[in-house]
Amino acid sequence: MAVITMTINDELVSGVEGQSLLSLIREQGIELPTLCHLEGLEARGGCRLCLVEMQSTQRLLPACTTTAQEGMSIQTHSERLVRYRRMILELLFAERNHVCAVCVMNGRCELQDEAAKIGMDHVRYDYLVPELPMDATHDKFAIDHNRCILCTRCVSVCDSVEGAHTWDVMGRGVNSRVITDLNQPWGSSRSCTSCGKCVQVCPTGALANKGSTVAEMVKRHDFLQWILDGREKKQWVMHNGGSEGRR
Amino acid sequence: MKRSDLQAMARRELDRQQATRCRLLCCASTPCLSSGAATVQQALEQAVTDNKLDAEVVVVSTGCMGPCSRGPMVTVQLAGQEDTYYENVTPESARQIVAEHVMANQPVADKIMPSDLPFFAKQHKIVLANSGVIDPERLEDYVARDGYAALAHALREMTPEEVCAEISKSGLRGRGGAGYPTGLKWDLVRKAPGEKKYVIANGDEGDPGAYMDRTLMESDPHRLLEGMAIAGYAVGAEQGFLYVRGEYPIAAKRLEKAIRTAERRGLLGSRVLESSFSFRIDIRIGAGAFVCGEETALMASIMGRRGQPTPRPPYPAQSGLWECPTLINNVETFGNIVPIIAHGADWFASVGTAKSKGSKIFALAGKVNTTGLIEVPMGITLREVIDDIGGGVADGFSFKAAQTGGPSGGCIPAEHLDTPMDYESLRALGAIMGSGGLIVMDNASCMPDVAKFFMEFCTDESCGKCVPCRVGTVQMHRILERITNGSAAPADLQILQDLCTMVQETSLCGLGQSAPNPVLSTLRFYREEYEAHIQRHECPAGVCKMTEAPTLELVEALPRRIRELGTIPMSLA
Amino acid sequence: MTTLATKRTGRKADKAEPAVSSKIRLATAWLGGCSGCHMSFLDLDEKLIDLAEVVDLVYSPIADVKEFPDHVDVTLVEGAVANVDHLELAEQIRQRSKLVVSFGDCAVTGNVTSLRNKFPLEDLLTKVYHEGPGAVPRGGEYDKIVPALIPRVLPLHQVIEVDAFIPGCPPDPERIWAAVSALLAGEPVVLPEKMRMFG
Ligand SMILES: Cc1cc2nc3c(=O)[nH]c(=O)nc-3n(C[C@H](O)[C@H](O)[C@H](O)COP(=O)(O)O)c2cc1C
Ligand code: SF4
Ligand code: SF4
Ligand code: SF4
Ligand code: FES
């Protein structure tokens, strides 16, 4: 594998050809927020939180979908980037109905977490207050669209890892919604294998185990790497020593 | 069919046409059809039969002649005379035309649209040369005007490299909006490694009010097929897709027929013109999503996936349909290929400006005397287009702005009317060439309201994949709504402007990246109108109702009002 | 960044300052919230004694003051803006305070109070007051005694200008202390990451 050299925040670093910018950035110990991307799933470039600035053109590119290239020079936390990330988080909080205090993921939610990290302490835009349903027809899980940020991790994991493709997206723009089968109640889905992978990868309180109440839901992202390692490398090692996901 | 068969077909058709004393061309394009062209054509045919003229007069249904607002349009071609254009033809006047002009050589003066009008004189028809002249449903008509000769020429006399080089040399740039050099794109696809390659013609045309591509597809379908086939030969593709907007059933029908005819005659399909080159074209019908005009979303749609853009790189030229190198060009871009190959790159490059070569089709609409479809040389000024071709701003109105580029474009004020219409000059004004929408607005238009209209369009059409566009457009629209209903606070303007830059710089695809353009361009040239709305609660153009008050004013007024009324005004909702 | 220091120097002298004491005039107000933020404030426990040495509590649900006073230095506002009384009080608070702080999630985001925004007001009132046991007769909602609800619950900063935000439902005493001590020291409120989480 060929080695490449590039510059991140004025430091020279080296990586492997074909590596994503995101993984190279994280290897340097730099924290970059990602809400749509999850290690192990196909990069999507949807949330735009991982945007970085190309020094040559001043253009912004998502680190998750961009391949690191020899000679590139990027900034990860310019004033503009931080400002935009904050605005994007504000847009997300305004889009649906996030009431952390009464949410199953309170305290463990990635959206809530990123807001705290960036210091997004209030939303300057109108809360859109959409009318959105919950679907609790499944025996084990429930979805609350009020908390969904349309990252489509659930769609991706269900399709590429579980191979069921129960989830998809319908509608467009701000009216998009994730659906099960052809917008049938989840409980009646014949493709869903009840594996729960979607629940585990969901960054917010949208997907949760049934019966969990405020701040009770714990998710394990490490399972994904565990399965993928097992499948691809025939290794069955828990990366986090089997800890309870985040924090 | 061989090249010689093609030439024989052309000769036969020309002989046939010369044998008729008179041809009555009747436009059968969507605008004229919707103003009654079908009954006009029937009346013409009936009159010809009634007067026993069938042997010497033919009635031909053609494509668009241009001055669509004056339709139905009819052209009289009498042997040995200049063509005569008739406007606003009714079945009544159709009979009159046959009786007086065709039979007695007495043109019906009050229905004539003079052919020396600047509307015609200032145009330069390259792409639309056949439009309004040939019957789009007859291959012979097209072949008689040298149709498929350019393909035959390319296949026999040129290597794929030479074709690409010729297109590069012509300076042709993409007509789908961004103006990327076409030859360069072709060469990239040609050089891209890969067994299988594809060619796509983008006929999604989603700009509200634009109909350049529809016209070309309806009026001269074979030119498009021939252009695509030449592209297929140049880049090494054997399969083409024509992506037609779902709202264009007539275009799809004519293209379908043209493809079948061309295949039957060996002009498409396997071993084109008995060469070793094979090229199939299939039609894909869109389902009415603006974003599916964006190339990566369009390809997803062709592959049967949700029509959503994906990040570039990889560009389609490297990895497009089913991960194969794919050439995607706009329909009008393909419409330029045949003339370039037929007349040479130098001939083409002699039209236009240093960096924008050839012509551009615009759908001229709004407050000018003659609206319609026009093809003008690049570099023509907006003033010439409006005053000469459009016949000036309609009586009793005064010019305020020209909007180009639709929801991705901007508004150009009077002081910039002498700007040449080319990619760079328009961009410098914060407008864009776009695909060719051109709306002339007068003083009765309110600029924040115009911006709101386009923002609403983008809100509806955002695919929802990325956050800035999905939610940002909605928030921008909300602020514009507040500005136009009187409830905006002074701080809103800054929030709006900040959102505009953020959405522009962070969105995934061109839809989001350009959605703020109408706001930014009207803020640039008509800022005082925004300020009047916000600070004085006044709409200078008198368009906005201004029925609401800002929240902060409500804070003071509301408790009292509620107690007076005993009910709650819903304005805070 | 807004701090007490900048506000103090930059302030217009509209009325003569009351020359009673040199202590900082602190107010806390209670709009549409559950009083949990105030409970958490009381959980400052012995820190309250330290606080009392440097501030005068000039208005608060826990102090018996009827009218929001003039010349307040800092006001912590709990709760979202949900009815016309809140609107009036918010306006007074802004006019009479140098620094206004959104205190807790309801003031910052609307939070639980704003859950009702999903329902049309009429439906909500009907459901709560006119259906089921103990239904009250219609017509009383917009009375002079019960303040009328505004159609949509709003976070404080959408109604008046707000200088600092303390998220949390409720913000725990450590958070409150971090924010209040910064405010009293004339410094900007910059809470550490762990202390600025919603919820
Ligand atoms: C939102 C969006 C809509 C578009 N719609 C069209 C369209 O309707 N027709 C078109 O030819 N190109 C459209 N484009 C541009 C295409 O992505 C692409 O650039 C073009 O088809 C390339 O052809 P050209 O090089 O010949 O211009 C659109 C782009 C965006 C971002
Ligand atoms: S999903 Fe996250 S951000 Fe949304 S309400 Fe729940 S905890 Fe808060
Ligand atoms: S349900 Fe969860 S994983 Fe799926 S799109 Fe919504 S937030 Fe993402
Ligand atoms: S910019 Fe808009 S249309 Fe384009 S990917 Fe993002 S959401 Fe979809
Ligand atoms: S993580 Fe890269 S765009 Fe969402």
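Residues numbered from 1 in each chain as written. Chains lettered and ligands numbered in written order. Predicted model: local features only at pLDDT ≥ 70, side-chain atom pairs only at ≥ 80, totals over all residues. Heavy atoms only, no water.

Draft legend 1. Layout of the overall build of chain B. Each helix and strand counted, chain B has 25 helices and 14 strands in total. Computed over its C-alpha atoms, the radius of gyration of chain B comes to 26 Å, within 12% of the 25 Å expected for a compact globule of 573 residues. Residue burial in chain B is summarised as follows: out of 573 residues, 61% are buried. Across chain B, every contact between residues at least 6 apart in sequence was considered, and the portion connecting residues at least 24 apart equals 72%. Carbon and sulfur atoms make up 50% of the accessible area of chain B, which amounts to about 21100 Å² in all. (Helix = DSSP H or I, 4+ residues; strand = E, 2+ residues; numbered from the N terminus. Rg over C-alpha atoms; globule rule 2.2 N^0.38 Å. Buried < 20%, exposed > 50% of the residue type's maximum accessible area, 1.4 Å probe, protein only. Contact = heavy atoms within 4.5 Å. Areas by Shrake-Rupley, 256 points an atom, 1.4 Å probe, with all protein chains shown as cover.)

Draft legend 2. The arrangement of the domain arrangement of chain B in detail. All names here are of chain B. The domain boundaries assigned to chain B delineate domain 1 (8-119), domain 2 (146-348), domain 3 (365-438) and domain 4 (447-572). The C-alpha centroid of domain 2 is placed 32 Å from the C-alpha centroid of domain 1. Facing nine residues of domain 1, the contacting portion of domain 2 comprises eight residues. Buried surface at the junction of domain 1 and domain 2, summed over both partners, amounts to about 640 Å²; 50% is from carbon and sulfur atoms. Of all residues in domain 1, the largest losses of buried area upon contact with domain 2 belong to Met-9, Thr-30 and Cys-64, amounting jointly to 45% of the total for that side. Summed over the shared surface of domain 1 and domain 2, the result is zero salt bridges. In this assembly, domain 1 and domain 2 are joined by four residue pairs in polar contact (both at pLDDT 80 or more). Tallying contributions element by element places helix H2 (residues 30-34) first for the side of domain 1 that touches domain 2, with three residues. In terms of residue class, the side of domain 1 that touches domain 2 is made up of six nonpolar, three polar and no charged. (Domains from an automatic or database assignment. Buried area = accessible area lost by both parts, 1.4 Å probe. Salt bridge = Lys/Arg side-chain N within 4 Å of Asp/Glu carboxyl O. Polar contact = N/O pair within 3.5 Å; in protein donor to acceptor, adjacent residues only side chain to side chain. Nonpolar A, V, L, I, M, F, W, Y, C, P; charged D, E, K, R; others polar.)

Draft legend 3. Structural detail: the interface of chain B and chain A. At the interface, 30 residues of chain B touch 30 residues of chain A. Between chain B and chain A, roughly 2500 Å² of surface is buried when both sides are summed, and carbon and sulfur atoms account for 56% of that area. Joining chain B to chain A, the criterion identifies five salt bridges. A salt bridge links A:Asp126 to B:Arg478; its shortest N-O distance comes to 3.3 Å.

Draft legend 4. Quick peek at the nonpolar core. With 103 residues, the main nonpolar core has A:Trp167, A:Val178, A:Leu207, A:Leu224, B:Val519 and C:Leu156 as its most contacted residues. Per-element accounting of this core gives the leading share, nine residues, to helix H2 (residues 79-95) of chain A. Here A:Leu224 is in contact with A:Leu38, A:Glu39, A:Gly40, A:Leu41, A:Val157, A:Val161 and A:Val201, once residues within four sequence places are set aside. Of all hydrophobic cores here, the second largest spans 73 residues; its members include B:Val163, B:Leu224, B:Ala258 and B:Phe279. (Core = buried A, V, L, I, M, F, W, Y, C linked by side-chain atoms within 4.5 Å.)

Draft legend 5. Seen up close, the site of ligand 3. Taken together, 14 residues sit near ligand 3, with A:Cys148, A:Cys151, A:Thr152, A:Cys154 and A:Cys202 positioned nearest. Taken together, the residues of the shell around ligand 3 break down into 11 nonpolar, two polar and one charged. (Near = heavy atom within 4 Å.)

Draft legend 6. Just the sheet that holds strand S7 (residues 164-166) of chain C, in detail. All names here are of chain C. Here five strands make up an open sheet; going across it, the order is S2-S1-S3-S5-S7 and the pairing parallel. The two strands at the open ends of the sheet, each matched to only one other strand, are strand S2 (55-59) and S7. Across the sheet, the mean angle separating the axes of adjacent strands is 25° when strand polarity is ignored. In the sheet, strand S3 (residues 72-78) pairs with strand S5 (residues 97-103) via six bridges, with the strands oriented parallel. Of the residues in S5, the one forming a bridge with Leu-76 is Val-101. (Pairing = 2+ DSSP bridges. Axes fitted to C-alpha atoms, helices over the stretch in contact; angles between N-to-C directions.)

Draft legend 7. View of the environment of B:Ile259. Residues and elements named next belong to chain B. Mapping Ile-259 onto the fold places it in helix H12 (residues 249-264). You can call Ile-259 buried: its relative accessible area is 4%. Considered as a pair, Ile-259 and Ala-345 are 86 residues apart in the sequence and their alpha carbons are 27 Å apart. With sequence-adjacent residues up to four places away left out, Ile-259 is seen in contact with Leu-225, Leu-268, Ile-281 and Ile-283.

Draft legend 8. Molecular detail of the sheet that holds strand S13 (residues 410-413) of chain B. Residue and element names in this part refer to chain B. Spatially, S11-S10-S14-S12-S13 is the arrangement adopted by the five strands of the open sheet, whose pairing is mixed. The open sheet is flanked by strand S11 (372-377) and S13, the only strands paired with a single partner. Strand-to-strand twist across the sheet, computed as the mean angle between neighbouring axes with direction ignored, equals 30°. Bridge count between strand S12 (residues 399-404) and S13: four bridges; the pairing is antiparallel. Bridged to Thr-404 within S13 is Gly-410.

Draft legend 9. The arrangement of a negative patch on the surface in detail. Taken together, the side chains of C:Asp43, C:Asp45, C:Glu46, C:Asp50 and C:Glu53 make up a negatively charged region of the molecular surface. On the secondary structure map, C:Asp43 appears in the loop between helix H2 (36-42) and helix H3 (47-54). (Patch = residues over 30% accessible without salt bridge, like charges linked within 9 Å, V, L, I, M, F, W, Y side chains within 5 Å. Lys, Arg positive; Asp, Glu negative; His and termini not counted. Charge placed at Lys NZ, Arg CZ, Asp CG, Glu CD.)

Draft legend 10. Summary view of the packing of aromatic side chains. Residues and elements named next belong to chain B. What the rule picks out here adds up to 16 aromatic pairs over all chains. Taken together, a centroid distance of 6.1 Å and an interplanar angle of 35° make the contact between Tyr-198 and Phe-241 tilted. Placement of Tyr-198 in strand S6 (residues 198-203) and of Phe-241 in strand S7 (residues 239-244) is noted, with a sequence separation of 43 residues between them. Just as Tyr-198 is buried, Phe-241 falls in that class too. For the pair Phe-241 and Trp-322, a centre-to-centre distance of 6.3 Å together with 50° between the ring planes defines the contact as tilted. Pair noted here: Phe-241 is in strand S7 and Trp-322 is in the loop between helix H13 (295-302) and strand S9 (326-330), with a separation of 81 residues, a long-range link. (Phe/Tyr/Trp six-rings, centres within 6.5 Å; stacked < 30°, edge-to-face > 60°.)

Draft legend 11. Examining the confidence of the model for chain C more closely. Residue and element names in this part refer to chain C. Confidence along chain C averages 87 in pLDDT terms, with 84% of residues attaining 70 or more. Per-element mean pLDDT across chain C ranges from 54 in helix H1 (residues 4-9) up to 98 in helix H5 (residues 105-109). Confidence drops under pLDDT 50 across residues 8-15; counting only partners more than four residues distant or on other chains, this segment forms nine contacts. (pLDDT = per-residue confidence, 0-100.)

Draft legend 12. Highlighting the site of ligand 1. Residues and elements named next belong to chain B. Looking at ligand 1, there are 18 residues lining it, with Gly-176, Lys-185, Asn-329, Asn-330 and Thr-333 nearest. Here Asn-202 contributes a side-chain N or O atom positioned 3.0 Å from an oxygen atom of ligand 1. Residue assignment for the shell around ligand 1 shows that the elements contributing at least two residues are S9 and helix H22 (510-514).

Draft legend 13. How the structure looks around the pattern of salt bridges. Residue and element names in this part refer to chain B. Scanning all chains against the criterion turns up 51 salt bridges over all chains. Between Arg-70 and Glu-87 there is a salt bridge, with the nearest N and O atoms lying 2.6 Å from each other. Placement of Arg-70 in the loop between strand S2 (57-62) and strand S3 (74-78) and of Glu-87 in the loop between strand S4 (84-86) and helix H4 (91-104) is noted, with a sequence separation of 17 residues between them. Judged by its relative accessible area of 14%, Glu-87 falls in the buried class. Across the pair Glu-140 and Arg-265 runs a salt bridge whose closest N-O atoms are separated by 3.4 Å. Taken together, the residues span a long stretch of sequence, with Glu-140 in helix H6 (residues 139-144) and Arg-265 in the loop between H12 and strand S8 (280-285) at a distance of 125 residues. Overlapping salt bridges, with partners in common, bring together Glu-13, Arg-16, Arg-23, Arg-138 and Asp-141 in one network.

Draft legend 14. Fine view of the side chain of B:Glu529. Positionally, B:Glu529 belongs in helix H24 (residues 527-535). Ignoring sequence-local partners within four residues, the contact set of B:Glu529 consists of B:Lys400, B:Cys446, B:Met447, B:Pro448 and B:Pro540.

Draft legend 15. Looking closely at helix H19 (residues 447-461) of chain B. Residue and element names in this part refer to chain B. Taking 1.5 Å as the rise per residue, H19 with 15 residues should run 21 Å; its terminal C-alpha atoms sit 21 Å apart, in good agreement. For H19, the buried fraction is high: 11 of the 15 residues fall into the buried class. Those residues of H19 that fall on the buried side of the exposure criterion are Met-447, Pro-448, Val-450, Ala-451, Lys-452, Phe-454, Met-455, Phe-457, Cys-458, Thr-459 and Glu-461. (Expected span 1.5 Å × (residues − 1).)

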